[in-house]
Amino acid sequence: MQYYHSVRLDVSRCIGCTRCIKVCPTEAIRVTGRRSVIMEDRCIDCGECFRVCHQHAWYAMADPLERKDDFDISIALVPPSFYAQFGPEVEPEHVVSALKSVGFTDVFDAAYAKEAMTRAYRMFMKTEKWEAPLISPACPAVVRLLQVSYPDLLGHIVPMDSPIEIAAKMAKQESDAWSDCSFRRVGCFFITPCPARVTAIKQPVGGRRSYVDGAFSMSDIFGLVLKKLDPRKSEKIDKMATGSGISWARSGGEALSLGTKKVLAVDGIHAVITVLHEIERGKLRDIEFIEARACTGGCIGGPLTVENPFIARVRNRMLSEHRRAKSLAVPVEWVEENYPKGYFHLAGTIPPRDVLRMDSTIEGALDRFERMEALLQELPGYDCGACGSPTCRTYAQDVICGQAAEGRCAFQSQADSSDSGERKIRITCRQLAERLGFEIAVDSESLDDEVNGCCCSDMLSDVMATARRGYIWVTVQTHPNIVAVASVTGVSAILITSDRKPEDRTLVSARTHGVSILVTTKSSFEVAGRLWSILNQ
Amino acid sequence: MTTLTFRVRGMDFSNAGEVGAKVKRILHQIGFEREVTRRAAVAAYEMELNIVIHAYEGEVKVRIFDTGVEIIAEDRGPGIPDIELAMQEGYSTAPPEVWKMGFGAGMGLPNIRKCSDIFEISSEVGKGTYVRSVVLRG
Amino acid sequence: MDLLSIINILDAEAIAAPPRPGLVQIGSVFVGDLMSDVLSHAGPDTLIVTALCTSQLVRVAEVVDAPAVCFVQNKMPQQSVLELARSKGIVIIVTPYCAYQSSALLYRAGLHSAVRPGGYNGGYLEI
Ligand SMILES: Nc1ncnc2c1ncn2[C@@H]1O[C@H](COP(=O)(O)OP(=O)(O)O)[C@@H](O)[C@H]1O
Ligand SMILES: [Mg+2]
């Protein structure tokens, strides 16, 4: 399946500095050919890459504003994080008015839907069976992180749509109620603080189409609204959230709204990962609900916001305190009526993305895993990123899975591919046999010779021409003639591969001629690969 | 076949659970079925914690085959005087400090047995304990 | 892995090739010079690496549906062998490296062995 994602790279700006590869939480970026390359299926659109990019090469692919003109009615879905972008004198009502001047037919307060979510969560926890701790479905980057890296925790996510989907659903239904019949198409557009939401709208989890018709970058809309802001113009909307819904913009707000103490709020994608680890380790069973936000500070810290997140946080806190109310704006009856109808529930389940699998078959994956571990032994473990992979481990995996060329490590002693006979380390035949698990069929003195090369052939004439003293000869041949060839060429040992057993006459002849014979179940191909790794370490 | 060896130290709660999590991750990466992965991870996790809680030090060895996973935990510790009793659900000698951390419900060994297709345990008082679990695919 | 990458890894030259070698996918490698061995191990995703550049080899590749053959140490087959390969749609590449080195390079690039004796790696789980 093709995965859509909204974080994009402007190749002309990228200089391949490797800053982004180090911060990517799913290790989705590599540097090759002096520029970053993103592995589409692993990207969760958290936007960490653009925060660290000095070249501003990363950007989010949101919709152009003209998209709203495709609809007869365009509704702006405004999250509470948007209000926090403006100075303390600007009230949400001013913003509503300015948005209309920008060209939206109507404005819907997304925080209002968040209050509906709060009520729906409570009903869910009361009426359904669930496993603690529940994880909030609100942050799209966190949901995708679970799909990619923590598939086993997907069952912990509250199986509800995100508050933005609910908001769009509510907005559209509202709008249908009052629209006159000449309005054919109603479009909902979210003013997004993050690229992850853009993706969640284009490709919602569960497969169904999104209720949201487009997403505009908060930083783009900010400028337009700023120009239209007028202290004398403010417009009330009747479905405006109270302080509780507004507080969802900062981390802790959603958790707080549940009114129970057994909640945990964590923000910043790397901090989120540490908490997910704890859940994986079987901890946190005493916590009922986890609010996890990919951005530090919550949505006010989104990569597409304009204001400093710490300042935005204060603004958001002041606004929510100012609008604090005894009960939520959404009537409890409305939720009680709609919740049982499945209004909030996700249409399907959230599927894992099996992108970390090393191979299509278990055997292949095990084989690769083992090789990866072996290669890892040769790497320095500095995780410097100079090879273009974020860590030594990912580099080893990339090489073994054929996604990176070998020899890119600046510290690993380079394997010289110009001469197959050139020896890099000192090791005897016997030591090699022990390391690679070869069985010794005929043990003679030559096993203690140093190995200085290898010849891999089943044609005796070829071996005569290429094998030299000190080589290991890898073959599937088992008849007595091989002993003669071995003693003429002076190879240290014959290694018989693919689980072939040397004939008795061969063994007898080898003993009398002082030729060593080793046996392995592995194939010539595999043996050659492993020998090379050791001899050229 | 791949072998992974983890050293585990008694009372080292800061790292407790690491083995289970790593085993889960690796089996997932290799592509084992969800259920097999879960069972192997649970078994590895409980074995690791038994060493952390009850023994001085030990080793958890995980061998991965295409047909299944074998987990062997071997420790140096006080050993188990009455294995039959230890295998009972809810039986635990874990100290109260450990309960507070959410461990020591006495369900560990029964859990390992439940998750395993093959389960072996032997112990020598004053020396240590050996537990082997095999989780097979399909 | 696609054949183009393999050609790159082996510094090889394609002497009988389809128009788009990037489309030929290789999943496993067989190294050896015995016909019966090729027959029993190579399959439809196998690259056969060998020093034996006879027309017999092309015929064997055809039997097992192997998409490509690599001749080592710059061994050039006769024109008739090439023509046979072309007519069968089998790719032939030539590398300057010996079988040992070719294997090592391909092995380290993550390719699997076409030979799997007694299941994976011969390791088995005791019950
Ligand atoms: N590795 C071990 N070394 C010594 N005693 C052990 C070990 N593993 C288990 N036991 C004993 O068996 C009891 C039951 O173990 P288990 O079922 O895992 O429950 P728990 O670990 O929660 O106490 C423990 O309380 C302890 O007395
Ligand atoms: Mg226990």
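Structure: see above.
Everything numeric here is computed off the predicted structure, so don't read it as measured data.

Caption draft 1: Seen up close, the overall build of chain B. Along its length, chain B carries five helices and five strands. Written out in order from the N terminus, the α and β elements of chain B read β-α-α-β-β-α-α-α-β-β. Taken against the 2.2 N^0.38 rule, which gives 14 Å for 138 residues, the C-alpha radius of gyration of chain B at 14 Å falls within 12% of a compact globule. Each principal axis of the C-alpha distribution contributes one length, and for chain B these read about 40 × 30 × 25 Å. Considering chain B as a whole, with its 138 residues, one finds that 52% of them fall into the buried category. The long-range fraction of contacts in chain B, counting pairs at least 24 apart against all pairs at least 6 apart in sequence, stands at 64%. Summing over all exposed atoms, chain B offers an accessible surface of approximately 6400 Å²; the carbon and sulfur share of this is 52%. Charged side chains of chain B number 17 positive and 19 negative; the gap between the two group centres comes to 5 Å.

Caption draft 2: Looking closely at the packing of helix 6 (residues 140-149) of chain A against helix 12 (residues 269-280) of chain A. All names here are of chain A. It is the contact of helix 6 with helix 12, at a shortest axis distance of 11 Å, that shows an interaxial angle of 50 degrees. Classified by the interaxial angle, the pair formed by helix 6 and helix 12 is oblique. Two packed elements cross with a definite hand, and for helix 6 against helix 12 that hand is right-handed. Residues Val 142, Leu 145 and Leu 146 of helix 6 lie in contact with helix 12, whose contacting residues are Ile 269, Val 272, Ile 273 and Leu 276. Taken together, the residues of the contact of helix 6 with helix 12 break down into seven nonpolar, no polar and no charged.

Caption draft 3: Layout of the sheet that holds strand 9 (residues 214-217) of chain A. Residues and elements named next belong to chain A. Strand order in the open sheet formed by four strands is 6-5-8-9, with parallel pairing between adjacent strands. Single-partner strands in this sheet number two, and they are strand 6 (106-109) and strand 9. Within this sheet the neighbouring strands show an average axis-to-axis angle of 30 degrees, counted without direction. Where strand 5 (residues 73-78) and strand 6 come together, four bridges link them in parallel fashion. Considered in strand 6, the bridge of Ile 75 is made with Asp 106.

Caption draft 4: Layout of the site of ligand 1. Residues and elements named next belong to chain B. Near ligand 1 you find 18 residues, and of these His 54, Asp 75, Ser 92, Thr 93 and Gly 106 are the closest. Ala 105 is positioned such that a nitrogen or oxygen atom in its backbone is 3.2 Å from an oxygen atom of ligand 1. Taking 530 Å² as the accessible area of ligand 1 by itself, protein coverage stands at 95%. Among the secondary structure elements, those contributing two or more residues to the shell around ligand 1 are helix 2 (34-54) and helix 5 (108-115).

Caption draft 5: Focus on the sheet that holds strand 2 (residues 28-31) of chain C. Residues and elements named next belong to chain C. Across the sheet, six strands lie side by side as 1-5-4-3-2-6; this open sheet has mixed pairing. Edge strands, defined here as strands with exactly one partner in the open sheet, are strand 1 (13-16) and strand 6 (112-113). Here two bridges tie strand 2 to strand 6, and the two strands are oriented parallel to one another. Looking across to strand 6, one finds that Val 29 is bridged to Ser 113. Contacts from helix 4 (residues 79-88) reach strand 1 and strand 5 (91-94) within the one sheet, and its direction differs from that of strand 1 by about 80 degrees.

Caption draft 6: A look at the pairing of strand 5 of chain A. Within strand 5 of chain A, six of the six residues are buried, which leaves it mostly tucked inside the rest of the structure. Residues Ile 73, Ile 75 and Leu 77 of chain A point to one face of strand 5 of chain A and Ser 74, Ala 76 and Val 78 of chain A to the other, with burial holding for every one of them.

Caption draft 7: Geometry of the interface of chain B and chain A. The partner chain A presents 20 residues to the 25 residues of chain B that form the contact. Overall, the association of chain B and chain A removes approximately 2100 Å² of surface from exposure, summing both partners, and the carbon and sulfur fraction of that is 53%. For the chain B face of the interface with chain A, the top three residues by lost area are His 28, Gln 29 and Ile 30 of chain B, together amounting to 29%. Our count for the chain B to chain A interface comes out at three salt bridges. A salt bridge links Arg 34 of chain B to Asp 152 of chain A; the shortest N-O distance between them is 3.5 Å. Along the contact surface separating chain B from chain A lie five residue pairs in polar contact (both at pLDDT 80 or more). Breaking the side of chain B that touches chain A down by element, the ones donating at least two residues are strand 1 (2-9), helix 1 (18-30) and helix 2 of chain B.

Caption draft 8: Seen up close, the interface of chain C and chain A. Taken together, the contact pairs 31 residues of chain C with 44 residues of chain A. Taking both partners together, chain C and chain A bury about 3300 Å²; carbon and sulfur atoms supply 55% of that area. Counting every contact that joins chain C to chain A gives three salt bridges. In this structure, Arg 108 of chain C and Glu 378 of chain A form a salt bridge, with 3.5 Å as the shortest nitrogen-oxygen distance. Applying the counting criterion to the chain C and chain A interface returns 13 residue pairs in polar contact (both at pLDDT 80 or more).

Caption draft 9: Structural context of the packing of aromatic side chains. Evaluated as defined, the whole model comprises 15 aromatic pairs over all chains. With a centroid separation of 6.2 Å and an interplanar angle of 85 degrees, the aromatic rings of Phe 108 of chain A and Tyr 112 of chain A are classed as edge-to-face. Note on Phe 108 of chain A: relative accessible area 6%, which makes it buried. Consider the rings of Tyr 382 of chain A and Phe 411 of chain A, whose centres lie 4.8 Å apart with planes at 80 degrees: the pair is edge-to-face. Residue Tyr 382 of chain A is found in the loop between helix 15 (362-378) and helix 16 (392-400), and its partner Phe 411 of chain A is found in the loop between helix 16 and helix 17 (429-436); the two are separated by 29 residues along the sequence. We classify Tyr 382 of chain A as exposed; its relative accessible area is 55%. Counting every residue linked through ring pairs, the aromatic cluster contains Phe 71, Phe 104, Phe 189 and Phe 216 of chain A. Here the basic side chain of Lys 169 of chain A rests over the ring of Tyr 343 of chain A, its NZ or CZ set 4.4 Å away from the ring centre. If you follow Arg 137 of chain B out to its NZ or CZ, it ends over the ring of Phe 32 of chain B, 5.2 Å from the centre.

Rules and cut-offs
- Residues numbered from 1 in each chain as written.
- Chains lettered and ligands numbered in written order.
- Predicted model: local features only at pLDDT ≥ 70, side-chain atom pairs only at ≥ 80, totals over all residues.
- Heavy atoms only, no water.
- Helix = DSSP H or I, 4+ residues; strand = E, 2+ residues; numbered from the N terminus.
- Rg over C-alpha atoms; globule rule 2.2 N^0.38 Å.
- Buried < 20%, exposed > 50% of the residue type's maximum accessible area, 1.4 Å probe, protein only.
- Contact = heavy atoms within 4.5 Å.
- Areas by Shrake-Rupley, 256 points an atom, 1.4 Å probe, with all protein chains shown as cover.
- Lys, Arg positive; Asp, Glu negative; His and termini not counted.
- Charge placed at Lys NZ, Arg CZ, Asp CG, Glu CD.
- Axes fitted to C-alpha atoms, helices over the stretch in contact; angles between N-to-C directions.
- Parallel < 35°, antiparallel > 145°, perpendicular 65-115°, else oblique.
- Left-handed = near helix turned anticlockwise from the far one by under 90°.
- Nonpolar A, V, L, I, M, F, W, Y, C, P; charged D, E, K, R; others polar.
- Pairing = 2+ DSSP bridges.
- Near = heavy atom within 4 Å.
- Polar contact = N/O pair within 3.5 Å; in protein donor to acceptor, adjacent residues only side chain to side chain.
- Buried area = accessible area lost by both parts, 1.4 Å probe.
- Salt bridge = Lys/Arg side-chain N within 4 Å of Asp/Glu carboxyl O.
- Phe/Tyr/Trp six-rings, centres within 6.5 Å; stacked < 30°, edge-to-face > 60°.
- Lys NZ or Arg CZ within 6 Å of the ring centre and 35° of its normal.

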